[in-house]
Amino acid sequence: MNKTILMVTLLTSLFLGACSSGSDNAQTPAAGSAPPENSQAAESARLPLSEQAKQALEQAIKHYEDFARQHRSFLWRDTELLIAQTKEALQKGEFDLVLQSAEKVEKEVRLMQGQVEFAKKNWRKFMVNP
Amino acid sequence: MIRLLTFVSLLLLGTVSAWAQTTDTTPAEDREALRKFFQSKFPDIPLDAYKDGAYIFDPKARAQFEEIEEFPPWEFDVEEGEELFNTPFKNGKTYADCFENGGIGIAQKYPLWDEKRQEVVTLPYAINLCREANGEQPLPYEKSDLLKVQAYMAYTSRGKRIEAPEPTGKALEAYKKGREYYYSKRGQLDMTCANCHLQHAASRLRYELPGPLLGQTTHWPVYRSKWEELGDIQRRYKECNKQVRAKDLPYQAEEYRNLQYYMHLMDVGLEFNGPSSRK
């Protein structure tokens, strides 16, 4: 009996594992087709540094504002401050810093998006369930 | 045969587990579960004591609180609030004309679901709606006479039990939104309200003891020593948001009103003892 239960558990785990890795594979781009971000990045890299910085900042601001319109209760306190500082850095011509900061803004927006997704699926985990 | 039975049992277990995750609970069930949680965590604390928040966990702080309440710092606000409450608007009407029972002894019913407006209405929000309906300018939600009027109305409800009908339809949706807000992670610190006020109630966060979720809506508006003035629960929401490095929302934002509605429904049956004082 114990062996049977062990076998069934093992088979279930293997099945779930296969499903999980299958879904991971589904998100991977097909071999040979470059992801669009990479081609965009390559194109952006050919631009002068000042233009790259400007574009990166504009893009980051757009992503932040799009997110803010839909999920204002998930915004972080300091992201707008970071954007303001990045704008200043752009005016001062500190283009490397602008690129770094724009990337940080993008990262924060991704993390906020992650919190939205987490909330949708997992909020009940923190609740005392009847 | 045994294998088949085992397989079917596991399948059933999975189905029941999936069903349990998708089936939603009612406010009454949530309330019951929350009370059981606190009663099993702190078996020596009676349910009614939760109206005093974190002071139930700290005898020294409680002693200070009781001393403060002998000559409460909100007393003058209540007196001024009564005067403001009875002062007629330009059209001759008063606040009493806007509320059930002339606005006396009704604070324990707020926030409530307003069927006409199809939204949650908190007491400060209702006070401003009353002003607007009578051709007056709404008052700011912080540092204004509005809090004094609210304090007076709260004072007339002291000793009454928090009450609310079980929500249905859109009211239930608002409750669920508020509940989801409470248990969602936000801010750079990636924290939910529940992290402090449920999981770590009675634990020290630096020097402070976070108040338990149960009883968090019973005593507003509050004179906080830190603020050196009266403030409403939404001022505390804004502070909490900032403390976890999230961006706070405007006063009386729909999200905050729904959150307050959820918390109010968890406190149904507890004694209302606002206004009160806190550190």
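Note that this is a predicted model, so its numbers are computed, not measured.

**What to know about the overall build of chain A**
Then, number 1: Counting its secondary structure elements, chain A contains 5 helices and 0 strands.
Then, number 2: Listed by position from the N terminus, the elements making up chain A come as α-α-α-α-α.
Then, number 3: The buried share among the 130 residues of chain A stands at 17%.
Then, number 4: Contacts in chain A between residues far apart in sequence, at least 24 positions, make up 63% of those at least 6 positions apart.

**Considerations on the overall build of chain B**
Then, number 1: Along chain B, the regular secondary structure elements total 10 helices and 5 strands.
Then, number 2: For chain B, whose C-alpha radius of gyration is 21 Å, the value lies close to the compact-globule estimate of 19 Å for 279 residues.
Then, number 3: In chain B, which comprises 279 residues, the share counted as buried stands at 41%.

**Points about the domain arrangement of chain B**
Residues and elements named next belong to chain B.
Then, number 1: For chain B, the assigned domains are domain 1 (26–73 + 161–278) and domain 2 (75–155).
Then, number 2: Just the C-alpha atoms count here: the centres of domain 1 and domain 2 sit 22 Å apart.
Then, number 3: Facing 28 residues of domain 1, the contacting portion of domain 2 comprises 23 residues.
Then, number 4: Those elements that provide at least two residues to the side of domain 1 that touches domain 2 are helix H7 (169–182), strand S4 (229–231), helix H9 (233–243) and helix H10 (254–266).
Then, number 5: The greatest single-element share of the side of domain 1 that touches domain 2, amounting to 6 residues, is contributed by H10.
Then, number 6: Residue classes in the side of domain 1 that touches domain 2 are distributed as 13 nonpolar, 7 polar and 8 charged.

**Topic: the confidence of the model for chain B**
Residues and elements named next belong to chain B.
Then, number 1: With 92% of its residues at a pLDDT of at least 70, chain B reaches an overall mean of 90.
Then, number 2: Taken element by element, the predicted model of chain B shows its lowest mean pLDDT in helix H1 (residues 2–22) (52) and its highest in strand S2 (residues 119–121) (98).
Then, number 3: The low-confidence segment residues 15–21 (pLDDT under 50) makes 0 contacts with residues lying over four places distant or belonging to another chain.
Then, number 4: Per the prediction output, this complex has pTM 0.81; the corresponding ipTM is 0.81.

**Some details on helix H3 (residues 49–70) of chain A**
Residue and element names in this part refer to chain A.
Then, number 1: With 22 residues, H3 should cover 32 Å at 1.5 Å per step; its first-to-last C-alpha distance of 32 Å lies within 8% of that length.
Then, number 2: For H3, every residue scored as buried is listed here: Ala-53, Ala-56, Leu-57, Ala-60 and Tyr-64. Viewed along the axis of H3, the buried residues span an arc of 95°, placing them on a single side of the element. Residues of H3 that are exposed and point over 90 degrees away from its buried face: Glu-51, Glu-58, Lys-62, Glu-65, Asp-66, Arg-69 and Gln-70.

**Overview of the confidence of the model for chain A**
Then, number 1: The share of residues in chain A with pLDDT of 70 or more is 64%, and the mean pLDDT across the chain is 76.
Then, number 2: Across residues 13–35 of chain A, confidence stays below pLDDT 50; counting only partners more than four residues off in sequence or on other chains, it has 2 contacts.

**Points about the nonpolar core**
Residue and element names in this part refer to chain B.
Then, number 1: Counting residues in hydrophobic clusters, the biggest one holds 61 residues, and the most contacted among them are Ala-151 and Tyr-262.
Then, number 2: Sorting the residues of this core by element identifies helix H4 (75–86), helix H5 (123–133), helix H6 (145–155), H7, helix H8 (193–199), strand S3 (222–224), H9 and H10 as the ones contributing at least two each.
Then, number 3: When residues of this core are assigned to their parent elements, the largest contribution, 8 residues, is made by H6.
Then, number 4: Structurally, this core is a two-domain feature, drawing no fewer than three residues from each of domain 1 (26–73 + 161–278) and domain 2 (75–155).

**Examining the sheet that holds S3(B)**
Each strand in a sheet pairs with its neighbour through backbone hydrogen bonds, running either in the same direction (parallel) or in the opposite one (antiparallel).
Residues and elements named next belong to chain B.
Then, number 1: Read from one edge of the open sheet, 3 strands run S4-S3-S5, paired in mixed fashion. A single partner strand is all that each edge strand has here, and the edge strands are S4 and strand S5 (276–278). Looking at each pair of strands side by side, their axes are set apart by 40° on average, direction ignored.
Then, number 2: As defined by bridge partners, S3 adjoins S5 across 3 bridges and the pair is classed as parallel. By the bridge assignment, Val-222 is partnered in S5 with Ser-276.

**Considerations on the environment of B:Pro221**
Then, number 1: As for its position among the elements, B:Pro221 is in the loop between H8 and S3.
Then, number 2: Along the sequence, B:Pro221 and B:Arg235 sit 14 residues apart, while their C-alpha atoms lie 9.9 Å from each other.

**A few points about H10(B)**
All names here are of chain B.
Then, number 1: Helix length check: H10, at 13 residues, gives a terminal C-alpha distance of 19 Å against a target of 18 Å (1.5 Å per residue), a fit within 8%.
Then, number 2: Counting buried residues along H10, 11 of its 13 residues qualify, which places the element largely inside the surrounding structure.
Then, number 3: Here the buried face of H10 lies against helix H2 (27–41), S2, H5, H7 and H9.

**Digging into unusual backbone geometry**
Residue and element names in this part refer to chain B.
Then, number 1: In this structure, the amide linkage connecting Trp-220 to the following residue, Pro-221, adopts the cis form with an omega of 0°.
Then, number 2: Cis geometry marks the peptide bond from Gly-274 to Pro-275; its omega dihedral reads -10°.
Then, number 3: Mapped onto the fold, Pro-275 is located in the loop between H10 and S5.
Then, number 4: Even without being glycine, Gln-252 reaches a positive phi, approximately 60°.
Then, number 5: For Gln-252, the location among the structural elements is in the loop between H9 and H10.

Analysis parameters
- Residues numbered from 1 in each chain as written.
- Chains lettered and ligands numbered in written order.
- Predicted model: local features only at pLDDT ≥ 70, side-chain atom pairs only at ≥ 80, totals over all residues.
- Helix = DSSP H or I, 4+ residues; strand = E, 2+ residues; numbered from the N terminus.
- Buried ≥ 20, exposed ≤ 12 C-beta atoms within 10 Å, placed from the backbone.
- Contact = placed C-beta atoms within 7 Å.
- Rg over C-alpha atoms; globule rule 2.2 N^0.38 Å.
- Domains from an automatic or database assignment.
- Nonpolar A, V, L, I, M, F, W, Y, C, P; charged D, E, K, R; others polar.
- pLDDT = per-residue confidence, 0-100.
- Expected span 1.5 Å × (residues − 1).
- Arc of directions from axis to C-beta.
- Core = buried A, V, L, I, M, F, W, Y, C linked by C-beta atoms within 7 Å.
- Pairing = 2+ DSSP bridges.
- Axes fitted to C-alpha atoms, helices over the stretch in contact; angles between N-to-C directions.

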